[in-house]
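One letter stands for each residue in the lines below.
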Amino acid sequence: MTPSMHRANGLKRSALAVLLTTGVWAVGGCQEEITATLDGDLVPVDAVTVDVTLPFSEFARDLEGWGGYGRPHELSQDIVARSFEGSLDARVLNGFYPYPVYATVKDSTGVFVADSALTFVGGRVVVRFDTISAVHDGPVEIAVGALPREWDYRSVGWDVAVDSVGDRQLWDEAGAGPVIPLGTVIWDPAEGDSAVIEVDSAHIALFADTAAAEAGVRLDVVTEGARLDLAGMTYQLDTRPSVHPDTLVTLFVTNRWRSFIYDPVPDPPAGEIRVGGVPAWRSVFTFEMPDSLYGPTELCEAVGCPLALTGQSLISASLILTSRAPPAAFQPVDSLFMDVRPVLEPSRLPKSPLGSSLLLTGGVLLAPEDFQGEAGAEIEIPLGSYVEGLILEKTDPDLDIPKTLALLSSFEPLSLYFGAFEGPDSPDGPKLRLILTFADEIGIR
Amino acid sequence: MKRAILFALVGLAISSSGLAGQSLFGTQGLGLPAEPLDGRARALGSMGVGLLGPSLSPLDIAAAARIYLPTAQLTLQPQWIDGELNGQSLTTKGTRFPQMSLAYPLLGVGGTAVLHIGTNFDQRWEVETSSDEEVLGSVVPVTDRLASDGGISTFQLGWAQRLGDRLSLGVGVGSRIGSVTRTFTRIVDAGDLATIIPYVTSGEWRYSGLTASLGFQWDPLPQLRLGGSAAWSGTLEAEPRGETEGSSTDFDVPTEFRLGASGILTPRLALHVGFSFADWQDPEGSLDPGTLVGSVKSFGIGMEWACPTVGPRNFPIRLGMKRSDLPFTFEGETPSENVFTGGIGLNLMPPQSGLIGAIDLAFERGTREAASLSESFWRASVTFRVGSF
C-alpha cells in the first residue's frame, strides 16, 4: 500500500468517526420536551364541561329479568345450610362410581401385584369445609344419608330428582329424601376443616351395588342457622388384601357427580335488576338514546338547549345503578363481578347469544357490603364507548350497534348469592350519567 | 444514487415538521421564524448571503454558481430552551431539519441547478393551563392543552449562473409546503367520581403558495464579496384537511430582502456582515393586524479565522452575533432575538481530493424577549455536506 493510499484510508476513518460522533450528538437532541404548563391565557380555546343525568325512561326501555343460566353442579363449591337466615335450606348430593375391584399391594417377594380378592372391613365419608366462609359460630352437626334412588346431577332440585325433557321424577320427600341415615358427626371449625362420618359394614355392602353407589349420599347440616361451603368430599374404604390379610389398605371411591339443592328458590325479579345466583339471573334492557337534550337548566344555561348529542362532546357515559339488599340468605358474602354484554338476537331471549363485554376490565367489582343492610350504594358502569357508538350511529348508517344489553355476572354461575339493584320504578332506579365537554372550534389564525 | 438521495431528502422534509422544537413565541401569528441557514452561516451571524467561497443555501441562490461538484447538504438543528412567563419557568427542547439541498453543476453552461427544502416558520408548540371546574357536584381539576404540530417550509428549484469570474446570478421558484395540526385536549380529573376520557378536538390545514427568489453575488474586489437576494411570496393559503371545517385561510407574506458582504482582512481572517428586511403587513389576509410588528429588520456580523490546519485540511473557527426582530407581537410587544454565535468548520477532505466532505458546527446562545415572556436558548446547527463527481 502506497503512502497516499494510507493517507486516504486515514482520512476516510477520521471522516467517518467525526460524522458518527456528530450525528449521534445531534440526533440525541431529537427527544422532544415541548409541553409548557402555564397559568394564564395561552390556550385561546374556551371550553365548558357539564354533566347530565337521564332517568331510565329517557334512555332505555323494557327491563326484563331472565333466569336459568348455569346449574349448581357447575360451582366450585357446594353449600349445605339449615334455616340459614331463617329460610335457606341446602343439601349436597354426591354420587360415586362402583367400588374399586383391586388394590395394588406388595406380595411376599416384594413385587407389586393387583389383588382383586378384597374384603372391605370399614369405611368413612370425609367432608372438608371452607372454614373461612362458614357461617356459624361454634360446632355444627353434620348428617350423611344414603340416597334411595337415582338422580340427575344436571337437573336435580329440591323437589325433583330428574327434570329433563320428557322425564320429570319427584323425590319421594322434598329435599332429596328420604335417605337412609349413615351417621352424624359434630364438626368444630376450630379443630380443623374436615369431618369424618364412619360408615358401618352394612352400608358399605349397600354401596357395593352399582345403582346405590351412583345414587350416593346426601350431606346435610342439622344445626339450625348454619351454612357451610363444602370444599371436598371423599368416600374411603378400608380393605384387607388377600396377599397380606394382616395389612389394612385404604382405597378411595371415585366421585361420579356432585351437586347441591336448595330451598326456597328466589322469586323472579319484579321491578329490580338482578345478576348472579345459581341458576344465574340476567337483567336485559334496551337502549333508546335521545337525539338531543332539553335540560337540565344548568346544561341549557351553559351551552343552550336543545342540545344535539355528538360523539365528540361525550367524555363520559356511565350507567348508574343503586344497590338493594337481596333476601338475607342470598346476600353476597364475597365480591361479585358484573358484566355488560350486548344481546345479539333479542328475539331469541333467553337463549340469545351475547356479544363481547363492553367493559374493558371484564367486569365491575361489586363489594358484598354494597348489598347488606340499607344497601343503596351507587355503582358506576362505564359505557362511554358504547354510548358514543349509539350517538354516532344516528349519523353513520354503516354502524350497527346492538341496542339491547344484558347485565350479568362475569362468571356464570358464580355463587348462590346474587346482586340486586333498584328497578326503573324506584326513585333510585337506573340512570345514565353523561359528562360532556364543549369547546370553541379550533382555528388556524 | 442521486435519485435515492433526492427521495431521502424529500422524505426528511416531509417529516421535518414533526421534529421541530418549540418556542412560546411560536404561538403567535404564523409561528416562530426558522431561517434555513446552514452551520457556517449560523456561526457567522449571517443572513445567509454574501459569504466567501461556494455555499448552498436557499437564501442565497446565486452562491451555488461556484459549486463545481454535485453536492448534497443537510442541516440538523437541536435546541434547548429555558423560558419564563410571568414568573413561571418552562423548559423545552427539540430538533429540526431546517435545510436540505442538492446542487448539480452543469459545467458546460457555467451554472448549477439547485433544489432546496427549507423551513420558514416553526409551528410546533404545546401549552397547558390548569383550572377547577364543577363536575358531578364536586370541584375537580381540569387541564386544558393546546398543541400545534407542524410548520411552513418551501420547496424550491433554482438555477445559479456564473457571469464571468466576479458575478453570479440566481433565480428560483418554489412552493410552500407543510401543514399544521392543532389539537385541543381537556382532561377532567374526576378521580373515583366517574370514568372520563379526555375531550379532544382538532383541526388540520395544509399550506400552499408560490414563491420566487432572485439573487446575486458580486466580487467587486478580490478581497470583497457582496451578495443579495429578494424572496417573493405569493399568498400563503392554509386549506382545511380531512374533517376540519371552514374555508381556506389566506395570509400575506411579505417579500424579504437580504444583503451580505464579506471581506478578507488578512489571508486567514475574513469579516462578514449581513442585513435583512421585510415589511409585515397583511391588509387583506387573515393575520390579526395587532400581532404584526410591521418592519422586521435583522443584522449580524461575524469573523472567520482559517488558521487551524491539519495537513491539507483546514478547520476555520467562526464567531459572530446577530439581532433579529420577530414579525409577530407577544402581548402587544415586539419581540427580538439576540444571539452570540460561534462554530467550527471541519473540512475533512483536502481540496485536491476531488471530493467534498465537510461538517459545519455552530453554537448559538441567545435570548428572546417581549412583554412577560423571556427565553434563553442554546441552539446548535450541524451541517453535513458531501460532494463527488
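Residues numbered from 1 in each chain as written. Chains lettered and ligands numbered in written order. Predicted model: local features only at pLDDT ≥ 70, side-chain atom pairs only at ≥ 80, totals over all residues.

With that settled, consider the overall build of chain A. The number of helices and strands found in chain A is six helices and 28 strands. Relative to the 2.2 N^0.38 estimate, which gives 22 Å for 445 residues, the radius of gyration of chain A is 34 Å and therefore markedly larger than a compact globule would have. Within the span of chain A, comprising 445 residues, buried residues form 36% of the whole. Restricting to contacts in chain A with at least 6 residues of sequence separation, those with at least 24 account for 78%. (Helix = DSSP H or I, 4+ residues; strand = E, 2+ residues; numbered from the N terminus. Rg over C-alpha atoms; globule rule 2.2 N^0.38 Å. Buried ≥ 20, exposed ≤ 12 C-beta atoms within 10 Å, placed from the backbone. Contact = placed C-beta atoms within 7 Å.)

This paragraph deals with the overall build of chain B. Across its full length, chain B holds two helices and 21 strands. For a compact globule of 389 residues, the expected C-alpha radius of gyration is about 21 Å, and chain B comes in at 22 Å, within 12% of that figure.

Okay, the environment of Asp107 of chain A next. Residue and element names in this part refer to chain A. Take Asp107: it is sitting in the loop between strand S6 (103-106) and strand S7 (112-115). Through-space distance from the C-alpha of Asp107 to that of Val243 is 6.0 Å; in sequence the pair is 136 residues apart. Beyond its immediate chain neighbours, meaning those up to four positions away, Asp107 contacts Val113 and Val243.

Here the focus is the environment of Trp80 of chain B. Residue and element names in this part refer to chain B. Mapping Trp80 onto the fold places it in strand S2 (residues 71-85). Residue Trp80 is classed as partly exposed on the basis of its C-beta count, with 16 C-beta atoms lying within 10 Å. The spatial distance from the C-alpha of Trp80 to the C-alpha of Arg365 is 9.9 Å, given a sequence separation of 285 residues. Not counting chain neighbours up to four residues away, the residues in contact with Trp80 comprise Lys93, Phe377 and Trp378.

Turning to the nonpolar core, a few remarks are in order. Of all hydrophobic cores here, the largest spans 137 residues; its most connected members are Val80, Val125, Ile142, Leu219 and Leu230 of chain A. Split by domain, this core shows at least three residues from each of two domains, domain 1 (47-69 + 266-439) and domain 2 (88-263) of chain A. The contact partners of Val80 of chain A, leaving out residues within four places of it in the chain, are Ala90, Arg91, Val92, Leu219, Asp220, Val221, Leu228 and Leu230 of chain A. Counting 39 residues, the second largest nonpolar core, distinct from the first, contains Leu44, Val49, Leu52 and Ile117 of chain B. (Core = buried A, V, L, I, M, F, W, Y, C linked by C-beta atoms within 7 Å. Domains from an automatic or database assignment.)

Next up on the list: the domain arrangement of chain A. In terms of domains, chain A is made up of domain 1 (47-69 + 266-439) and domain 2 (88-263). Here the C-alpha centre of domain 2 of chain A lies 44 Å away from the C-alpha centre of domain 1 of chain A.

Attention shifts here to helix H6 (residues 384-393) of chain A. Residues and elements named next belong to chain A. The set of residues buried in H6 consists of Gly384, Val387, Glu388, Leu390 and Ile391. Taken down its axis, H6 places every buried residue within 155° of arc, on the same side. Against the buried residues of H6 lie strand S19 (280-287), strand S22 (314-324) and strand S25 (378-382). (Arc of directions from axis to C-beta.)

Let's shift gears to the pairing of strand S5 (residues 125-135) of chain B. Residues and elements named next belong to chain B. In this sheet, strand S6 (residues 138-163) lies alongside S5 in antiparallel orientation, the contact comprising eleven bridges. Directly across from Ser130, in S6, lies its bridge partner Thr143. Between the antiparallel neighbours S5 and S6 lie two residues, among them Leu136 with a positive phi of about 55°. (Pairing = 2+ DSSP bridges.)

Bringing unusual backbone geometry into the picture now. Looking along the chain, the bond that leaves Gly177 of chain A and enters Pro178 of chain A is cis, with omega of -10°. Topologically, Pro178 of chain A is positioned in the loop between strand S11 (167-170) and strand S12 (180-187). Here Glu412 of chain A and Pro413 of chain A are connected by a cis peptide whose omega angle stands at -15°. With respect to the secondary-structure elements, Pro413 of chain A resides in the loop between strand S26 (404-409) and strand S27 (418-422). With phi around 50°, Glu331 of chain B is a residue other than glycine that occupies positive phi space. Counting through the fold element by element, Glu331 of chain B comes out in the loop between strand S18 (317-325) and strand S19 (336-347).

Let us look at the environment of Gly389 of chain A. All names here are of chain A. Along the polypeptide, Gly389 turns up in helix H6. Residue classification places Gly389 among the partly exposed positions, given that 18 C-beta atoms sit within 10 Å. When the C-alpha atoms of Gly389 and Leu399 are compared, they prove to be 7.8 Å apart, with ten residues separating the residues in sequence. Every residue in contact with Gly389, bar those within four places of it in the chain, is listed here: Leu399 and Ile401.

Residue and element names in this part refer to chain B. When pLDDT is averaged along chain B, the result is 88, and 93% of the positions lie at 70 or above. In this model residues 1-21 is a low-confidence stretch, pLDDT under 50, and it forms 38 contacts with partners more than four residues away in sequence or in other chains. Interface scoring of the predicted complex returns ipTM 0.74; its pTM is 0.76. (pLDDT = per-residue confidence, 0-100.)

On any regular strand, side chains alternate: one points to one face of the sheet, the next to the other face. Residues and elements named next belong to chain A. Counting buried positions over the five residues of S27 gives five, a clear majority of the element. Taken together, the five bridges between strand S18 (residues 272-276) and S27 define a ladder with antiparallel strand orientation. Bridge pairing links Arg274 to Ala420 in S27. Here two bridges tie S22 to S27, and the two strands are oriented antiparallel to one another. Counterpart to Arg324 in the pairing with S27 is Ala420.

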